[in-house]
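The residues making up each chain are set out below.
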Amino acid sequence: MKKRNRLSAFFIILCLIFGFSSFAETISVDFYASISDSKDTNMIRMTENLYFSQLNSLEGFSVADKRPTEWQKGDEGDENSIVFFAEIQESPDSAGWICILNAISRATGERKTSVKIYDSYYKILLDAKNSLLSLLTSVSGEEDNSEQVEQSSSSSQKALSIETIAGNWTGEQFIEKIVILRGGKGFVIYKNGASMTIQVSISGSSVHIQQVGRPNASYYPELPREIALAVARTAPPIEWELSLIDDDTLSGKKSTLEPSNTPLGASEASIEVEWQRKK
């Protein structure tokens, strides 16, 4: 009798275990090719493969390998899936690497990013799994995590410094957000999926921000694609001259290209912009 009871209890426990597991929701992730301008293609592929293998090892995620295709806005897929891709660039002032992880919910269009700077591949290896899990759970809605960006919190100091403006900003029509890091580096993340590295400096009461790195037609979403491809290579770096209006507002002018009736179809322009701190 006791043996039968023990067997019954064991059977019930097995049913509970498998019953609960059957209700566990699996999150689908579409893994796209990494984006990079680096000539060290071996390093880029190694890092991409690292992220793919680490993502495959995470419980609760089902990964579809979309490589070697790069993600483009409007790509078809399961409406409940998450788009994932990495942007890997060489750090302009060190021998390290800048890794931008992107996760986009197809259902809501919400985009989360994780921006980190590593001085060696070994440190990317150590951090990859935790970075992926934190990012993907935040965009899947399981956790309400803020973007995992190396930055300082808002400062209440009156003196203008990099520390007072470090953080996430938004405000331009074609830009998802601007990330300013404490060291004076940063990133502009466009709604079309492109990202631009920027250098930030302070002069008196002015904030000067300038594009760093190679030109890219995707930095000019205001222009028709054919025109942007034609003029981007010879265009001067995009720049911003801004002033801190209050703790959460930067306002000023942006030097860029805009559509025109010239033979090239575009000309240099200075346009008014206003950024708001993203909380």
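It should be emphasised that the depicted structure is a prediction, and the values quoted were computed from it without experimental measurement.

**What to know about the layout of surface pockets**
Stage number 1. The space that makes up the largest pocket amounts to roughly 720 Å³.
Stage number 2. Asp 37, Gln 89, Ser 195, Asn 216 and Tyr 219 are, among the 29 residues lining the largest pocket, the residues nearest its centre.
Stage number 3. Mapped by element, the contributors of at least two residues to the lining of the largest pocket are β3 (82-90), β9 (195-203) and α5 (225-231).
Stage number 4. The class makeup of the residues in the lining of the largest pocket is 13 nonpolar, ten polar and six charged.

**With respect to the confidence of the model for the protein**
Stage number 1. The share of residues in the protein with pLDDT of 70 or more is 83%, and the mean pLDDT across the chain is 80.
Stage number 2. Considering only residues more than four positions removed or in separate chains, one finds that residues 9-23, a stretch of pLDDT under 50, has zero contacts.
Stage number 3. Below a pLDDT of 50 lies the segment residues 143-158, which in the model reaches 40 contacts outside its immediate sequence neighbourhood of four places, other chains included.

**Let's talk about the nonpolar core**
Stage number 1. Formed by 30 residues in total, the largest nonpolar core has its most connected members in Ile 209, Tyr 220, Trp 240 and Trp 275.
Stage number 2. Setting aside its immediate chain neighbours within four residues, Trp 275 contacts Trp 169, Thr 170, Glu 172, Ile 178, Ile 209, Trp 240, Leu 242, Asp 248, Thr 249 and Leu 250.
Stage number 3. If you look at the next biggest cluster of nonpolar residues, it comprises 27 residues, including Met 43, Phe 52, Ala 86 and Ile 88.

**Here we look at the side chain of Thr 47**
Stage number 1. When you line up the elements, Thr 47 lands in helix α2 (residues 41-57).
Stage number 2. What makes Thr 47 buried here is its relative accessible area of 0%.
Stage number 3. Not counting residues within four places of it along the chain, the set of residues in contact with Thr 47 comprises Ile 88, Tyr 121 and Ile 124.

**Focus: the sheet that holds strand β12 (residues 249-259)**
Across a sheet, strands are paired by hydrogen bonds formed along the backbone, either parallel or antiparallel in direction.
Stage number 1. Ordered by their spatial adjacency, eight strands build a closed barrel running β6-β7-β8-β9-β10-β11-β12-β13, and the pairing between neighbours is antiparallel. For this sheet the average axis-to-axis angle between neighbouring strands, irrespective of direction, equals 30°.
Stage number 2. Both strand β8 (residues 185-190) and β9 contribute to a ladder of five bridges, which runs antiparallel. Residue Gly 186 lies in a different strand from β9, and its bridge partner there is Ile 198.

Cut-offs used in this document
- Residues numbered from 1 in each chain as written.
- Predicted model: local features only at pLDDT ≥ 70, side-chain atom pairs only at ≥ 80, totals over all residues.
- Heavy atoms only, no water.
- 1 Å grid on protein atoms, 1.4 Å probe; cavity = no way out; pocket = protein on both sides within 12 Å on 5 of 7 lines; lining within 4 Å.
- Points joined across faces, edges and corners; volume = space filled by probe spheres on them.
- Helix = DSSP H or I, 4+ residues; strand = E, 2+ residues; numbered from the N terminus.
- Nonpolar A, V, L, I, M, F, W, Y, C, P; charged D, E, K, R; others polar.
- pLDDT = per-residue confidence, 0-100.
- Contact = heavy atoms within 4.5 Å.
- Core = buried A, V, L, I, M, F, W, Y, C linked by side-chain atoms within 4.5 Å.
- Buried < 20%, exposed > 50% of the residue type's maximum accessible area, 1.4 Å probe, protein only.
- Pairing = 2+ DSSP bridges.
- Axes fitted to C-alpha atoms, helices over the stretch in contact; angles between N-to-C directions.

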